[in-house]
Amino acid sequence: FFFQNNLPTTPTLLLKQQPRTSTMVRYSAAAFLAAICMLSSNGSIGNFGLVRAAEMTEAEQAAETAAANAAAEEMIEAISTPYSPPEGSSAFAYEAEVNKMLDIVINSLYTNKDIFLRELISNASDALDKIRFLSVTKPELLGDTPNLEMKIEYDPDAKTLTIRDTGLGMTKDDLIKNLGTVARSGTTNFMKALKESETNDISQIGMFGVGFYSTFLVADRVSVASKHNDDDTQNVWESLNGEASFHVGPDPRGNTLGRGTEITLHLKEDAEEYLSPYKLKEMIGHYSEFVTHPVSLRQIKTIQVPKEKDEFDEEEEEKKEDGDDIEVSDEDEAEEKEPEMEEVTTYEYEQINTDPAIWARDKDGITDEEYQEFWKVVSKGDSAGDAEDWTHFNAEGNINFKSILYVPSEVPFALQQGNMEMMKPGLRLYVRKVLISDEFDLMPRYLNFIKGVVDSDDLPLNVNRETLQESKIVKIIKKKLVRKALELIRKMSQQEMPADDETDEAEVDADGNVIVKDDGDKKPKVHPYITWYKKFGLSLKMGCIDDSANKDKLQKLLRFKSSKADGEDEFVSLQEYVDRMKEWQKEIYVFPGESIKQLSESSFMDAFNDRDVEVLYLTDSIDEYFIGNVREFNGVKFRDVTKEGVKFSDEDEDLAKRRNKVYADKFSPLTKYLKKLYGADVSRVAISKRLGRAPAIVSSTEWGNSANMDRIMRAQAFAH
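Quick look at the structure, then.

Quick notes on the rules
Residues numbered from 1 in each chain as written. Predicted model: local features only at pLDDT ≥ 70, side-chain atom pairs only at ≥ 80, totals over all residues. Heavy atoms only, no water. Helix = DSSP H or I, 4+ residues; strand = E, 2+ residues; numbered from the N terminus. Buried < 20%, exposed > 50% of the residue type's maximum accessible area, 1.4 Å probe, protein only. Areas by Shrake-Rupley, 256 points an atom, 1.4 Å probe, with all protein chains shown as cover. Core = buried A, V, L, I, M, F, W, Y, C linked by side-chain atoms within 4.5 Å. Contact = heavy atoms within 4.5 Å. Pairing = 2+ DSSP bridges. Salt bridge = Lys/Arg side-chain N within 4 Å of Asp/Glu carboxyl O. Phe/Tyr/Trp six-rings, centres within 6.5 Å; stacked < 30°, edge-to-face > 60°. Lys NZ or Arg CZ within 6 Å of the ring centre and 35° of its normal. Axes fitted to C-alpha atoms, helices over the stretch in contact; angles between N-to-C directions. Polar contact = N/O pair within 3.5 Å; in protein donor to acceptor, adjacent residues only side chain to side chain. Expected span 1.5 Å × (residues − 1).

## Topic: the overall build of the chain
The helix and strand inventory of the chain stands at 21 helices and 26 strands. Looking at the chain as a whole, 40% of its 720 residues are labelled buried. About 42600 Å² of surface is accessible on the chain, with carbon and sulfur atoms providing 48% of the total.

The structure is reproduced here in structure tokens:
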């Protein structure tokens, strides 16, 4: 077709259909000009070209016109071809507002189109489970289709995606009932329940089986072929997206399934990404990695093979060889003619879900090696090294679920950088081995290094599984998981020191006498929990601040350096500190600072060293916040030695008071002078009861910031 330079306000495009017949299609001037610009930038699209009529000869114009008309006829024919339901099928009208339901599904319930495949695989898995259970008592039900599996195929040319299973299958009545239930009655009930709900909670929509209808998120037309053992005929169900009816009838192809169901999605133009094998493999591995039954994806590959010769070519070659009397040298015979190659398309099925769901097995039958292999699956490379420890349990009560929780041996990469926002949730939530989400916050942030899986049969199979985050059931699961995780860490802390695995070979001198090695040269053994705690202790301290409900449990897991723990790997627990407190001691003394060396040499330690009183050294930045929030352990308060209010009860209280009064009166002129000298820089000057070597120290008020806390606050990036 050709465009004139002077366009009218509403251009007219003439598309030739038949001789002496034309169809006028009107476009707005803006849209038409936009199309011209697009065509001119691309040069050509399909059989359409854009040129100036004045620059072409009459023959060229005629050829271009014929080509354009032919292409236009193909387009019009393709667009105008009416939908034809399966031959011999009957139409069934939806009794509810299907358009309204689909609008709810597409716009309200699903936030991610990818989940359509999760829903279909979940339905297929249920169908396979049903036939498996029935076949236990009736093996003949499996018939000629003993393999219970799912196969997924994509066809880029037809733009279709097919999911096939060898499950129970459906009869004609089942197709009408199961795939029409939502539209016939479920929609009305759902809309009624939604109106009656004050919170518009849509979790109950799973009762109405809307999962199948998620296919219309990506498909213009959906076909479901199914064969049940009780029905001699294979039937097909088909419906268009947004139509008010569906068709059910005998499958024109006959019995191609044997038993099971085949769902074919005719994809929308904006859903062609689901024709990519890489995309499908990623989705299957993400959502259905641990489904019990095999899920295989058909891979389409093109390979080069030698071209087969037909009979005519072989006869000609034989005649040529028979008539060729020319002598051929050995070198010529050695040279073989390369065969002519041709491209051949092959189809090969690849099972995607090869990882076992070991949480469904009895833990007594699982080896440590299997647990470590599964750790590599759930960690997904987020943590280096093996798992430090794990717990495998079945929770029973108001809600039942199975779970495996892992504690890593190395700090995750995001946590190493202190970037809590980059830490992804470590637990994956499943319902009957089908992934619901890996983004649920099933653990508080201080335990986000915990990895594992949670699988429950009690969760509602609702369509919007994202709303489960606010479900009461999920909150119960979260509470139980936190308790189990803390119990696991507690058991790690109470493990006995492992025995030496290696025995040193005895050394002998020239006379044959055994050389006794000095034990001082031997590196002291370190408890595995101390090694782990040095990496993850900050997270536990954060938990004491964030999780007041589990504060007491978490404090028992903490370890600290102290004035009586000199070794690099020597730590004490709060309970150990309390157990060896002096009889007169009423508080836990703590000393926050930058380093152990700096704290041990400080003048604040003089009075404590003289009295042989243990002091906990707090060298982590979070320690100041921890002490400020927790305040006490088992009823014993923390006391910062750099603040005022430190008292020793190791001497007669009345004597101490009279002595302090004498000193205060004697040095009153000095204290007044110093207060006047320093002015507002100090709140008061007093005679100290706990000085040793130093003539004076600067302490903080009991409720004010310590010098160390002031240093930490000044170091903040946005501190002014």
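Back to the text.
## A word on the nonpolar core
In terms of nonpolar packing, the biggest core is built from 71 residues, with Met-443, Leu-447, Leu-481, Trp-532, Leu-540, Tyr-589 and Phe-608 touching the most fellow members. Ranked by residues supplied to this core, first place goes to helix 12 (residues 472-493) with nine residues. Setting aside its immediate chain neighbours within four residues, Met-443 contacts Leu-405, Leu-427, Ile-450, Lys-478, Leu-481, Val-482 and Ala-485. Ile-176, Leu-265, Leu-275 and Phe-374 belong to the second largest nonpolar core, which has 63 residues in total.

## Considerations on the pairing of strand 17 (residues 434-437)
Examined bridge by bridge, strand 16 (residues 427-431) and strand 17 share three bridges and lie antiparallel to one another. Its bridge partner being in strand 17, Leu-429 is matched across the sheet by Ser-437. Once strand 16 ends, the chain turns through two residues before running back antiparallel as strand 17, passing Arg-432 with a positive phi of about 50°.

## Some thoughts on the pattern of salt bridges
Scanning all chains against the criterion turns up 33 salt bridges. Residue Arg-164 is joined to Glu-153 by a salt bridge in which the shortest nitrogen-to-oxygen separation is 2.9 Å. Separated by eleven residues along the polypeptide, Arg-164 in strand 7 (residues 160-165) and Glu-153 in strand 6 (residues 150-155) bring together distant segments of the chain. The exposure class assigned to Glu-153 is buried, which follows from its relative accessible area of 12%. Notably, a salt bridge pairs Lys-279 with Glu-273, separated by 3.9 Å at the nearest N-O pair.

## Brief notes about the sheet that holds strand 25 (residues 632-633)
Across the sheet, which stays open at both edges, the six strands sit in the order 22-21-24-23-26-25 with mixed pairing between neighbours. Single-partner strands in this sheet number two, and they are strand 22 (572-573) and strand 25. Judged from the two bridges that link them, strand 21 (residues 559-562) and strand 24 (residues 616-618) form a sheet pairing that is antiparallel. Opposite Lys-561, over in strand 24, you have Tyr-617 as the bridge partner.

## As for the side chain of Ser-539
Mapped onto the elements, Ser-539 comes out in helix 13 (residues 528-546). Among the residues examined, Ser-539 registers a relative accessible area of 9% and is labelled buried. Ignoring anything within four residues of it in the chain, the contact list for Ser-539 reads Leu-415, Tyr-446 and Phe-449.

## Examining the packing of aromatic side chains
Tallied over the entire structure, the rule returns 29 aromatic pairs. Where Phe-212 meets Tyr-213, the ring centres are 5.4 Å apart and the plane angle is 80°; that geometry is what we call edge-to-face. Its relative accessible area of 7% is what places Phe-212 among the buried residues. By relative accessible area, Tyr-213 is classed as buried at 4%. By way of ring pairs, the aromatic residues Phe-290, Trp-359, Tyr-371, Phe-374, Trp-375, Trp-390, Tyr-406 and Tyr-430 are connected into one cluster. The positively charged end of Lys-484 is found above the aromatic ring belonging to Phe-393, 5.0 Å away from the centroid.

## A look at unusual backbone geometry
Even without being glycine, Asp-612 reaches a positive phi, approximately 55°. Residue position: Asp-612 is located in the loop between helix 17 (606-610) and strand 24. The partly exposed category is assigned to Asp-612, whose relative accessible area is 41%. Within the chain, Arg-631 stands out as a residue other than glycine whose phi angle is a positive 75°. If you trace the backbone, Arg-631 turns up in the loop between helix 18 (622-630) and strand 25. On the basis of relative accessibility, which here comes to 45%, the residue Arg-631 falls in the partly exposed class.

## Notes on the sheet that holds strand 6
The strand order across the open sheet formed by nine strands is 5-10-9-8-11-7-6-12-13, and the pairing between neighbours is mixed. Two strands lie at the open edges of the sheet, namely strand 5 (90-93) and strand 13 (341-351), each paired on one side alone. The sheet shows a mean angle of 20° between the axes of neighbouring strands, taken without regard to direction. Taken together, the four bridges between strand 5 and strand 10 (residues 245-250) define a ladder with antiparallel strand orientation. Looking at the pairing, Ala-93 lines up with Ser-245 of strand 10.

## Overview of the environment of Arg-693
Along the chain, Arg-693 falls in the loop between helix 20 (668-678) and helix 21 (707-714). Under the relative-accessibility criterion, Arg-693 is labelled exposed at 63%. The spatial distance from the C-alpha of Arg-693 to the C-alpha of Met-605 is 10.0 Å, given a sequence separation of 88 residues. Those residues in contact with Arg-693 that lie beyond four places of it in its chain are Glu-601, Ser-602, Ser-603 and Asp-606. Only 2.9 Å separates the side chain of Arg-693 from the side chain of Asp-606, close enough to count as a polar contact.

## Remarks on helix 12
Residue pairs spaced three or four apart in an α-helix point in one direction, given the helix's 3.6 residues per turn. In a regular helix each residue adds 1.5 Å, so 22 residues correspond to 32 Å; helix 12 covers 32 Å between its end C-alpha atoms and thus fits that length. Listed as buried for helix 12 are Val-474, Ile-477, Lys-480, Leu-481, Val-482, Ala-485, Leu-486, Leu-488, Ile-489, Met-492 and Ser-493.

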